[in-house]
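Secondary and tertiary structure notes
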Amino acid sequence: MEHYGLIKLIHQSSAALSLSLFVLRAALLNCKIPVSTGNNLIQVIPHVVDTILLTSAVALAVMARQAPFVDHWLTAKVVALLVYIALGSLALKRARTLAGRLLSLSLALATFGYIVWVAFTKNPAPWL
């Protein structure tokens, strides 16, 4: 457990960076600034950051001896992460209209906020 604090800091930092990159990509897309120029860093870096984020999440769960489908708050985070990924895909790639992209972006950001709230409170149901 001696490295738990460092891994938690890496996890939190990569979550903040991941969110920042997501918002940047969405802003560039919605301002019609092209980012798909081959091996563009704006397309590669988010995948690296998200890999670090997921790896640190797994490490924290193992170190804390917690697991999805056992610890309800962690299950909620995993499910919300899948929803966030789907909404992010809509916001950045799949939605065909500006309204669809903006709605998906808004819902993705709300989902990210829920994930953070659950992480801090360890409570999967903020409405209770």
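Look up: the structure comes first, before these words.
Right, let's walk through the structure included here. (Residues numbered from 1 in each chain as written. Predicted model: local features only at pLDDT ≥ 70, side-chain atom pairs only at ≥ 80, totals over all residues. Heavy atoms only, no water.)

Describing the nonpolar core
This is how it is decided: In this description, a nonpolar core means a group of buried Ala, Val, Leu, Ile, Met, Phe, Trp, Tyr and Cys residues linked to one another through side-chain atoms lying within 4.5 Å. Note on classification: 1.4 Å probe, protein chains only; a residue is buried when its accessible area is under 20% of the maximum for its type, exposed when over 50%, partly exposed between these limits. The secondary structure listing takes helices from DSSP runs of H or I that are at least 4 residues long and strands from runs of E that are at least 2 residues long, numbered from the N terminus.
Counting residues in each nonpolar core, the largest one holds 13 residues, and the members touching the most others are Phe22, Tyr84, Leu105 and Ala108. Going through the elements one at a time, helix H1 (4-30), helix H3 (72-94) and helix H4 (98-121) are the ones with two or more residues in this core.

Some words on the packing of H3 against H4
Counted only if it meets this: For helices, the fitted line uses only the C-alpha atoms of the stretch in contact; every axis is such a line through C-alpha atoms, and the angle between N-to-C directions lies from 0 to 180 degrees. Should an angle fall under 35 degrees it is taken as roughly parallel, and over 145 as roughly antiparallel, whereas 65 to 115 is taken as roughly perpendicular and any remaining angle as oblique. A crossing counts as left-handed when the near helix is turned anticlockwise from the far one by less than a right angle, and as right-handed when that turn is clockwise. Contact between two residues is taken to exist if any of their heavy atoms lie within 4.5 Å; hydrogens are not considered. Each residue is assigned to one class: nonpolar for Ala, Val, Leu, Ile, Met, Phe, Trp, Tyr, Cys and Pro, charged for Asp, Glu, Lys and Arg, and polar for all the others, Gly among them.
Running from amino to carboxyl end, H3 crosses H4 at an angle of 160 degrees, the nearest separation of the two axes being 8 Å. With respect to H4, the axis of H3 lies roughly antiparallel. Our pair here, H3 against H4, has a crossing hand that is left-handed. In this structure, H3 uses Trp73, Ala76, Lys77, Ala80, Leu81, Val83, Tyr84, Leu87, Gly88, Leu90 and Ala91 to contact H4, whose residues at the interface are Arg101, Ser104, Leu105, Leu107, Ala108, Thr111, Phe112, Tyr114, Ile115, Val118 and Ala119. Split into classes, the residues belonging to the contact of H3 with H4 amount to 17 nonpolar, three polar and two charged.

Things to note about the environment of aspartate 50
Here aspartate 50 lies in helix H2 (residues 41-63). A relative accessible area of 34% places aspartate 50 in the partly exposed class. Sequence spacing of aspartate 50 and isoleucine 85 is 35 residues, and the spatial spacing of their C-alpha atoms is 11 Å.

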